[in-house]
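So you can see what is in the structure, the chains are spelled out below.
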Amino acid sequence: MAIDKLTRRDLLRLGVVGGLGLAAGALIPRRHGGGVLKARADDHGPVHDELYGHGYEPPVSMGPQALDALVFPPPYAAGPVGQTRAVDLWVAEQPIEIAKGVVFPAWTFNGTVPGPILRANAGDNLEVSFRNLGSRAHNVHFHGSHDVTEDGWEPVPAGGSASYRIRAEPFGVHPYHCHAPPVSMHMGRGLFGTLIVDPPGGRPPAREVVLVLTGFDVDGDGSEEIFGWNGVAGFFERYPIRVPVGELVRVYLLNMTSTDFPLSFHLHAQSFALFRTGTRLVPDEETDTVTLGPTERAILEFRLPIRGRYMFQPHQHTMAEHGAMGWFAAV
């Protein structure tokens, strides 16, 4: 019997049950929709010849480094407590390609969805200069603890500007987003981003990654149909996130979907230390799945012990099947 003719019954008879490991996947092709999915040796290219479980590919113009600025945060920078950091945020209303052949009428911070990754130390003062280059009122609101008079909920008219002075606390990971009404529309169009606030002395050295789940209502029916990490459907299915075998990985995870389900993030073949909101230096638990409501966030830490591909996905499979499945490649 040829190996690519093996049926599920044959596999069960041979004692191969459940999901096949990556090492086995290199020997035994997997099937999807009647087609054979062949594992590839190139850790920077597609994981197989067909899409795994969903029909969305990233734009053809995007190469493997296209999202680096939205995935890899700026490094921790030690400094005196209470230093001032300047932040420039502007809103532009512009179309972006969120999947191959799918253009979305986005509203963006600094031209991207999500907006830029901001980083500060606990106790720093953020001097935020905000400019509204859009055609309607927008603003910027930060989560965390700060002076209520700097809360950022007041609409800034088209062509207007505002400034805010935000104290970066508590340490952890926090979203920022537009809070102009209707908030669901402004966030649903892409007006959100990530603020990392480091504890005194920083965290242990790690390979750091920001993953922000985004959803897109492409047909205007009030429900999100396409999902992606860091603004692009299918990107990490095509281009896995490469991490060294055995090195500590730290994921800053945010759920910024606007109209759909809570997010459950599941890492295959490993568990992770979970720091809810990142406001503690000891983990809340060890698990392989965490559920987050909209704007909830967490820090995950783990090591991938052997070379191979480790899937990550929401366990709301509709999200995974519509663009939000990806891989870590331990190399």
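Refer to the preceding data block for the structure.
Note that the structure is predicted; figures quoted are calculated from it, not measured.

Participant: Which residues make up the overall build of the chain, and what values go with them?
Facilitator: What the chain contains, in helices and strands, is six helices and 21 strands. The proportion of buried residues among the 331 residues of the chain is 50%. As presented, the chain carries roughly 14,300 Å² of accessible surface, and 55% of it is formed by carbon and sulfur atoms.

Participant: Please set out the packing of aromatic side chains residue by residue, giving values where relevant.
Facilitator: Applying the stated criterion to the full structure yields 12 aromatic pairs. Taking 5.0 Å as the distance between ring centres and 70° as the angle between the ring planes, the aromatic pair formed by Phe-104 and Phe-216 counts as edge-to-face. With Phe-104 in strand β4 (residues 102-109) and Phe-216 in strand β11 (residues 207-216), this pair connects stretches of sequence that are 112 residues apart. Grouping residues by exposure puts Phe-104 and Phe-216 together as buried. Aromatic side chains Phe-265 and Phe-312 sit 5.8 Å apart centroid to centroid with 25° between the ring planes, which places their arrangement in the stacked category. Placement of Phe-265 in strand β15 (residues 263-267) and of Phe-312 in strand β20 (residues 308-314) is noted, with a sequence separation of 47 residues between them. Both residues of the pair, Phe-265 and Phe-312, belong to the buried class.

Participant: Quick rundown of the environment of Glu-286? Include the residues and the values.
Facilitator: Examined against the element boundaries, Glu-286 turns out to sit in strand β17 (residues 285-287). Separated by 14 residues in sequence, Glu-286 and Phe-272 have C-alpha atoms that sit 5.6 Å apart. Dropping the residues within four chain positions of it, Glu-286 is found in contact with Ser-271, Phe-272 and Ala-273. Side-chain polar atoms of Glu-286 contact the side chain of Ser-271, separated by 2.8 Å.

Participant: Explain the nonpolar core residue by residue, including any values.
Facilitator: Leu-211, Trp-229, Leu-253, Phe-265 and Phe-328 are the most contacted members of the largest nonpolar core, which has 35 residues in total. Within the second largest apolar cluster, 23 residues are counted, among which are Trp-107, Phe-142, Cys-178 and Leu-191.

Participant: Residue-level account of the layout of surface pockets, with values.
Facilitator: Of the voids in this model, the second largest pocket is the one considered here, and its volume is about 270 Å³. What lines the second largest pocket is a set of 16 residues, among which Met-185, Gly-188, Arg-189, Asp-217 and Gly-220 lie closest to the centre. Mapped by element, the contributors of at least two residues to the lining of the second largest pocket are β4 and α4 (183-188). Ranked by the residues each element gives to the lining of the second largest pocket, the list is headed by α4, at three residues. Of the residues belonging to the lining of the second largest pocket, the class tally is four nonpolar, seven polar and five charged.

Participant: Describe the sheet that holds strand β7 (residues 141-142), listing the residues and the values that go with them.
Facilitator: Spatial ordering of the open sheet is given by β5-β10-β9-β7, a layout of four strands whose pairing is mixed. The strands lining the two open edges of the sheet, one partner per strand, are β5 (118-121) and β7. Pairing of strand β9 (residues 172-177) with strand β10 (residues 192-198), which is carried by six bridges, proceeds in the antiparallel orientation. Across the sheet, the residue bridging to His-174 is Leu-195, located in β10.

The rules behind these values
Residues numbered from 1 in each chain as written. Predicted model: local features only at pLDDT ≥ 70, side-chain atom pairs only at ≥ 80, totals over all residues. Heavy atoms only, no water. Helix = DSSP H or I, 4+ residues; strand = E, 2+ residues; numbered from the N terminus. Buried < 20%, exposed > 50% of the residue type's maximum accessible area, 1.4 Å probe, protein only. Areas by Shrake-Rupley, 256 points an atom, 1.4 Å probe, with all protein chains shown as cover. Phe/Tyr/Trp six-rings, centres within 6.5 Å; stacked < 30°, edge-to-face > 60°. Contact = heavy atoms within 4.5 Å. Polar contact = N/O pair within 3.5 Å; in protein donor to acceptor, adjacent residues only side chain to side chain. Core = buried A, V, L, I, M, F, W, Y, C linked by side-chain atoms within 4.5 Å. 1 Å grid on protein atoms, 1.4 Å probe; cavity = no way out; pocket = protein on both sides within 12 Å on 5 of 7 lines; lining within 4 Å. Points joined across faces, edges and corners; volume = space filled by probe spheres on them. Nonpolar A, V, L, I, M, F, W, Y, C, P; charged D, E, K, R; others polar. Pairing = 2+ DSSP bridges.

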